[in-house]
Amino acid sequence: MLPAVIVVLMLISFTRGENPAIQVILTRKGLQYGKHLGAGWVQEKLEHITLPDFSGEVLGIHYILTGITITKCDFPEPIVEFNPNNTGFTTSISGLSVALTGGWMTHFGLIHDGGSFKMAIFGLDVTSVVELGKDSDGHLSVTSVSCDAQVGDVDIRFEGGASWIFQPFVEHFKRRIMGEIRSKICPNVEESIVSLDYHLQAMEVSIQVAEDLVLDIPLTGVPVIHASSMILGLKGEFYDRTHERPPFEAQNFTVPEQPDYMLSMGLSEFTVNSASYALYSGGWLQVLITDSMIPPYIHVRLNTSSMGPYVPQLPKMFPGLLMNLQVYASEVPMFSFQPGVVKLDLAGAVKASAIEPNGTQIPLFKLNVDLQFDGKVWVAAGRLKSSMGLQNLTLTLAGSEVGHFETDTLESLVKMGVMAGLAKLNVELGKGVVLPRMRNVQLVNTVLGVEEGFIAMCSDAEVFTDSFN
């Protein structure tokens with residue numbers, strides 16, 4: 001029963017009242033899939049466990065039932081439903097039947113005896129209600145609200161020894177054993193819930209993406225439970241080692257529920273822009289380009305002679321010198337999600353320097369480069385694919401140590417270089433990457449679309465059963 005809930009929590013595999021940048025919706029279809037897997041797991045495990053010894057006293061006769069093993073289990077699939085009233089789940093099992101065997105020992109005064117027994121438990125009913133919440137660190141929490149257990153009947157057959165003497169007292173044994181079984185079920189259920197909560201508290205709510213880049217995914221509020229779905233809101237913010245927050249906030253958005261899929265997910269543009277801000281703040285969005293980095297088949301080299309047609313002063317003022325280009329983002333690159341398209345605005349700058357034979361660098365000029373890209377993203381054959389296109393490129397002279405020069409021809413050269421780079425990039429983007437597998441859970445039948453302010457994805461999931469072993 002509880003493993004059914006554990007499977008569900010695996011599928012969604014997190015506090016400050018802010019808007020979530022990532023939303024995950026578990027639908028009834030996903031809940032029922034998790035329930036089905038959990039029921040199969042419990043059925044398999046029940047058939048391989050040995051129960052603790054059972055002792056007591058009836059009519060002055062002390063007895064011990066030992067070596068109790070389950071020989072057969074009729075485990076009906078549980079009923080698991082969202083419970084909006086308790087912000088959690090209600091799980092119930094009705095009509096569970098179990099056959100057991102073991103040994104018995106008794107003593108009455110100086111009389112000691114023993115043998116074997118067969119027991120059948122019929123009509124065991126259990127109902128458990130759990131509440132989901134979050135702790136102060138944004139972990140998902142689970143607590144037991146209520147539990148009720150009933151045992152329909154127990155049949156016991158003693159064999160061996162003087163079992164014929166004790167068989168008439170079966171009715172007395174039955175009442176005692178039924179009471180003992182009933183009294184132990186809910187404490188065991190609640191112990192499992194406590195164990196599950198312990199493991200949830202141990203889960204990381206910050207993911208180290210790179211050496212200086214962390215994705216923060218605590219829950220922003222308690223889970224929202226409806227009759228047909230559960231919604232988790234995650235912070236979804238990237239930050240660098242300084243933990244400096246971006247100067248913009250996540251905006252509210254609503255992911256449409258897709259009942260024909262197990263999961264619906266939404267990723268807002270805040271998440272990718274927070275990554276962009278973290279990379280920008282950490283100084284990662286810059287590169288020094290030298291002539292050795294330019295492929296040999298490109299005729300334009302990074303030296304003052306080759307750059308003469310674009311900056312006429314260079315060959316005259318600094319003949320025969322190598323050059324380098326310091327390229328960097330001058331502002332935070334910003335993404336925007338619009339229906340069917342992802343847009344990227346990138347403001348950059350290029351500082352050009354000449355390099356004297358002794359290594360001294362001579363500042364030459366600075367260019368501002370404004371670029372607008374648009375792109376598409378989709379899922380095909382289980383792979384996340386995308387493409388990018390250049391919509392606009394503007395190059396302007398921001399400063400010069402060599403005097404004024406026109407940038408039209410240089411802008412055309414840069415545009416040709418960007419277009420060539422995009423052509424190669426789109427070949428790789430078109431190949432795509434396999435959708436990630438999360439702890440033995442693989443997304444399947446995935447559909448992705450770009451909406452206003454967020455990317456929406458709906459998917460089914462396949463859990464590999466070896467994850468429970």
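Let us look at the structure shown here.

Reading guide: rules and limits
- The residue count restarts for each chain, going from 1 along the sequence in the order it is written.
- Reporting in this predicted model follows two pLDDT cut-offs: at least 70 for local features of residues, and 80 or more for side-chain atom pairs to be given and counted; totals over whole chains, interfaces and linings ignore these cut-offs and use all residues.
- By convention in this description, side-chain values take in all heavy atoms of the structure and omit both hydrogens and water.
- Salt-bridge detection follows one rule: a side-chain nitrogen of Lys or Arg within 4 Å of a carboxyl oxygen of Asp or Glu.
- Helix and strand assignments follow DSSP, with helices taken as H or I runs no shorter than four residues and strands as E runs no shorter than two, numbered in order from the N terminus.
- Strands were regarded as paired on the criterion that DSSP finds at least two bridges between them.
- Geometry is summarised by axes, namely lines fitted to C-alpha atoms with helices restricted to the contacting stretch, and by angles between N-to-C directions that run from 0 to 180 degrees.
- The contact criterion used throughout is that any non-hydrogen atoms of two residues lie within 4.5 Å.
- Type-normalised accessible area, obtained with a 1.4 Å probe on protein chains alone, sets the label of each residue: buried when under 20%, exposed when over 50%, and partly exposed for intermediate values.
- In this description, the term disulfide denotes a pair of cysteine sulfurs within 2.5 Å.
- Each aromatic pair joins two rings of Phe, Tyr and Trp (for Trp, the six-membered one) with centres within 6.5 Å, and gets the label stacked for planes under 30 degrees apart, edge-to-face for over 60, and tilted for any other angle.
- Here, nonpolar core means buried Ala, Val, Leu, Ile, Met, Phe, Trp, Tyr and Cys residues that are tied together by side-chain atoms lying within 4.5 Å of each other.
- Identification of polar contacts relies on pairs of N or O atoms within 3.5 Å, with a donor-acceptor requirement for protein atoms, meaning one able to donate a hydrogen and the other able to accept it, and with residues adjacent in sequence counted only if both atoms are side-chain atoms.

1. Here's the deal with the pattern of salt bridges
Considering all chains together, one arrives at nine salt bridges under this definition. Linking E77 and K35 is a salt bridge whose minimum nitrogen-to-oxygen distance equals 3.4 Å. Of the two residues, E77 sits in the loop between β4 (61–74) and β5 (79–83) while K35 sits in helix α2 (residues 28–46), which places them 42 residues apart along the sequence. A salt bridge links R245 to E237; the shortest N-O distance between them is 2.9 Å.

2. Regarding the sheet that holds strand β13 (residues 237–239)
Spatially, the three strands line up as an open sheet ordered β9-β10-β13, and their pairing is antiparallel. Looking at the sheet topology across the chains shown, the edges are occupied by β9 (206–210) and β13. In this sheet, neighbouring strand axes are inclined to one another by 25° on average, regardless of whether the strands run parallel or antiparallel. Bridge count for strand β10 (residues 213–216) against β13 is three bridges, and the pairing is antiparallel. In the strand pairing of β13, V214 is matched with Y239. Across the face of the sheet, helix α5 (residues 269–281) comes into contact with β10 and β13 while running at roughly 5° to β13.

3. Quick notes on the pairing of β10
Along β10, one buried face is formed by L213 and L215 and the opposite face, lined by V214 and D216, is buried too. Where β9 and β10 come together, four bridges link them in antiparallel fashion. Each bridged residue has a counterpart across the sheet, and for I207 the counterpart in β10 is L215.

4. Here's the deal with the sheet that holds strand β11 (residues 224–225)
Backbone hydrogen bonds hold the strands of a sheet together, and the pairing may be parallel or antiparallel. Overall, antiparallel pairing links the seven strands, which are arranged β11-β12-β1-β14-β24-β23-β22 in an open sheet. Strands with a single pairing partner mark the edges of an open sheet, and in this sheet they are β11 and β22 (437–438). Against the sheet, α5 contacts β1 (22–27) and β14 (263–268), and its axis sits at roughly 45° relative to β14.

5. Remarks on the state of the cysteines
The term disulfide refers to a covalent linkage connecting the sulfur atoms of a pair of cysteines. Summed over all chains, the structure comprises one disulfide. Free cysteine C73: the closest other cysteine sulfur is in C147, separated by 17 Å. By relative accessible area, C73 is classed as buried at 7%.

6. A word on the packing of aromatic side chains
Summed over the entire model, instances satisfying the criterion amount to six aromatic pairs. An aromatic cluster is built from F248, F270 and Y277, whose rings are joined through pairwise contacts.

7. Points about the pairing of strand β19 (residues 361–380)
Relative to β19, strand β18 (residues 341–355) is paired through 14 bridges, and the arrangement is antiparallel. Within the sheet, the bridge partner assigned to G348 lies in β19 and is V369. The hairpin turn running from β18 into β19, its antiparallel successor, is five residues long, and G359 in that turn takes a positive phi close to 95°. Pairing analysis gives 16 bridges linking β19 to strand β20 (residues 383–400), with the strands arranged antiparallel. Pairing of F365 across the sheet is with S400, part of β20.

8. With respect to unusual backbone geometry
Notably, T87 is not glycine yet its phi reads approximately 50°, a positive angle. Summarising the element assignment, T87 is placed in the loop between β5 and β6 (88–108). Residues other than glycine seldom take positive phi values, yet N445 does so here, at roughly 55°. Classification of N445 as exposed rests on a relative accessible area of 51%.

9. Some points on the environment of P315
Summarising the element assignment, P315 is placed in helix α6 (residues 313–317). Judged by its relative accessible area of 29%, P315 is partly exposed. Through-space distance from the C-alpha of P315 to that of N303 is 8.9 Å; in sequence the pair is 12 residues apart.

10. A short note on the nonpolar core
Among the nonpolar cores identified, the biggest contains 75 residues, and L65, M119 and I177 are the most heavily contacted of them. With 11 residues, helix α4 (residues 170–202) is the largest single contributor of residues to this core. Leave out the neighbours within four places in its chain, and L65 touches D53, F54, G103, W104, F117, M119, F158 and I177. Counting 29 residues, the second-largest nonpolar core is a separate cluster that includes Y310, V311, L344 and L364.

11. Some thoughts on the environment of D135
For D135, the position within the fold is in the loop between β7 (111–134) and β8 (140–159). When the C-alpha positions of D135 and V222 are compared, they lie 8.9 Å apart, and in sequence the two are 87 residues distant. Setting aside its immediate chain neighbours within four residues, D135 contacts S141 and Q201. At a separation of 2.9 Å, a polar atom in the side chain of D135 contacts the main-chain amide nitrogen of G138. A polar atom in the side chain of D135 sits 2.8 Å from the backbone nitrogen of H139.

12. Digging into the side chain of S264
Among the structural elements, S264 can be located in strand β14. For S264, the side chain forms a polar contact with the main-chain nitrogen of Q258, separated by 3.4 Å. Here S264 is in contact with Q23, V24, I25, V255, P256, E257, Q258, M457 and C458, once residues within four sequence places are set aside.

By themselves, these observations are geometric and do not establish any function.
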